[in-house]
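Observations on the model geometry
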Amino acid sequence: MATEKRSTNSSPAGAKDELAQAAARPAAQATSRAAASETDAGRLVLENVSARYGAFRAVKDVTLAVRPKSVTALIGPSGCGKSTLIRTINRMHETLPGATVSGSISLDGVDLYSSNVDPVRARRVVGMVFQKPNPFPTMSISENVSSGLRLTGGTSKSEIEGIVEDSLRRAALWDEVKEKLKQPGTSLSGGQQQRLCIARTIAVKPRVVLMDEPCSALDPVATLKIEELIRDLAAEYTIVIVTHNMQQASRVSDETAFFSMDDDRAGYLVETGPTAEMFTNPKQALTEGYIQGRFG
Amino acid sequence: MSISADSIAKVLTQPTSGEHARQRVNWTMRIIVGVAAILAILPLIALILFVVLKAAPYLVPSFFFNNPLDTEPGILNAIVGSLQLTGLTVLISGPIGIAGGVYLSEFASPRVVAVGETVIDVMLGVPSIVAGVFAYLILVPVLGFSGWAAVAALSILTVPIMMRSTQEVLRLVPQAIREASLALGVPVWKTALFVSVRTALPGILTGVILAFSRALGETAPLLMTARGTNAENWLDFSTTMNAMPIVIYQYAAAASDLLIGQAWATALILMVIALTINVLVRGRTVNSRTA
């Protein structure tokens, strides 16, 4: 697979153990998390992942390797389980009543579903940006950014201030909000709110950032800004993005995974590969049909 | 099939045979519902007018600042007693009711929620006299006629109110907000407390205020528990306490113009407090909606 060849996982052997500890140790310190994120980590491997809502299987046997520090787009027709799949990666799927996951998802060799990984800790390492901007309505702009740090503890006040500015800068929002950090997060425009949510996500220093159709509620200008931001963030984070917009997939992603739906409505992975290849020369006829707009 | 311009004009302007009858029915209906509305409001206006007119002559400083046995009698001990009883009731039942509502909204499984909601419905339907008789027959033999027994009886009535209102406002918190918090790696309990409850806090407090208002006007449980007294009682919940509803009940049946007048005056105070609370709550909800 192309991902295997292009893998740039040159981290020392120690990094793997360190991450294993960070994910599994009850009191992972913010500092050690920060140190670990400087290594070239963030390799996500999904093996035979199935996700169910009660008896209904929404995702079937997905095996997918996600290259560290790159953008992987999940595309496919509505209802093919892309959003469900992405929510299994940060263990959000299981928060719904009756929802279950089988198979394994590992981050740098650590199985996120193993018994000694607390889902809460897994979510600190794998952040998520949602379809509709969802800043906390009772919090100011700066409180929104620091919310993850404040509510998970372990970060001093003086540290937090720096992280807020840094996260807002990385989310390309600092210049627009630096004068009004105390104003409610909900006072911002939709596009700004989404960048605020991205700032909030990266403030807790995750390895992986999941994005579930992050631009679907935004206008084209705001969408463009978020897309530029996604490209920038790929230098530091492994990004998995679900999108309905194929142009968006081709603009932002390095790799594309195409999903479709079986007769029993279970979503499955049709094929995956470098984005350029997927859009010009897909191997499967199904992919070609979808990309050329023949269905979906 | 097309209609000529000529026939459209006819359709629009020429009255049909049933039209006059329809207009008559319209007017008749208007008058019927209008009269019904006036009939509905009339007793309310009469009530307010009566209370205000009857109470006015008795609203003198001594009414507010003296006790019943003073030479110029007042109802200070009942005002003080009512505020203590309802205050303590809210202090005790508030945390219980709010915590119960948070549990049902944020933690309970759908099955537990269904059972819990039924229980709350039943508890909301408990007539206050039933809470009173429970306190009278079970608690009074142990605690005596006392503030404690009254607080217990009132709490039976206020806990379900706060539980329901808390659960309902928490239900209005968008799931996306909870998910945002969980996805940041915030534990479930912190998400419930610092995100869900924090977002719903104004609504939760509104429920507390409404429960306070309900407890303030309750009469039956108080007659059977706190019983009323002529003494001023500060914070001694182990013995009898006076309260405004008790005063109204007892004075209204008294053979004295002064006491009957004071019953009207006490009723006016209760009404003003209840009205003020209602207006405050209304203002809050309107504000939070426009904000």
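Let's talk about the overall build of chain B
- Counting its regular elements, chain B contains twelve helices and zero strands.
- In chain B, the succession of α and β elements from N to C terminus is α-α-α-α-α-α-α-α-α-α-α-α.
- The burial tally for chain B puts 35% of its 291 residues in the buried class.
- Taking the intrachain contacts of chain B between residues at least 6 apart in sequence as the baseline, contacts between residues at least 24 apart amount to 75%.

With respect to the interface of chain A and chain B
- In this assembly, 22 residues from chain A lie in contact with 17 residues from chain B.
- For the side of chain A that touches chain B, the class distribution of residues is nine nonpolar, eight polar and five charged.

Considering the pairing of strand S8 (residues 238-242) of chain A
Residues and elements named next belong to chain A.
- Taken across its five residues, S8 has five buried, putting it largely inside the fold.
- With burial as the criterion, each face of S8 is covered, one bearing Thr 238, Val 240 and Val 242 and the other bearing Ile 239 and Ile 241.
- Strand direction decides the pairing type here: strand S3 (residues 71-75) and S8, joined by four bridges, are parallel. In the strand pairing of S8, Leu 74 is matched with Val 242.
- Where strand S7 (residues 208-212) meets S8, five bridges bridge the pair, whose relative direction is parallel. From the neighbouring strand, Val 209 faces S8, where its bridge partner is Ile 239.

Regarding helix H7 (residues 157-170) of chain A
Residues and elements named next belong to chain A.
- With 14 residues, H7 ought to run about 20 Å at 1.5 Å a step, and its terminal C-alpha atoms sit 20 Å apart, in line with that.
- Of the positions making up H7, those classed as buried are Ile 163, Val 164, Ser 167 and Leu 168. In a view along the axis of H7, the buried residues occupy a sector of 125°, so they form one face of it. Exposed residues on H7 whose side chains face more than 90 degrees from its buried face are Ser 158 and Gly 162.
- Where H7 is buried, its residues touch helix H6 (141-152), helix H8 (174-177) and helix H9 (190-203).
- Within two residues after H7, Ala 172 carries a phi angle of roughly 55°, on the positive side.

Examining the confidence of the model for chain B
- Taken residue by residue, chain B gives an average pLDDT of 92. The fraction at 70 or more is 96%.
- In the predicted assembly, ipTM is 0.84 and pTM is 0.82.

What counts, and where the lines are drawn
Residues numbered from 1 in each chain as written. Chains lettered and ligands numbered in written order. Predicted model: local features only at pLDDT ≥ 70, side-chain atom pairs only at ≥ 80, totals over all residues. Helix = DSSP H or I, 4+ residues; strand = E, 2+ residues; numbered from the N terminus. Buried ≥ 20, exposed ≤ 12 C-beta atoms within 10 Å, placed from the backbone. Contact = placed C-beta atoms within 7 Å. Nonpolar A, V, L, I, M, F, W, Y, C, P; charged D, E, K, R; others polar. Pairing = 2+ DSSP bridges. Expected span 1.5 Å × (residues − 1). Arc of directions from axis to C-beta. pLDDT = per-residue confidence, 0-100.

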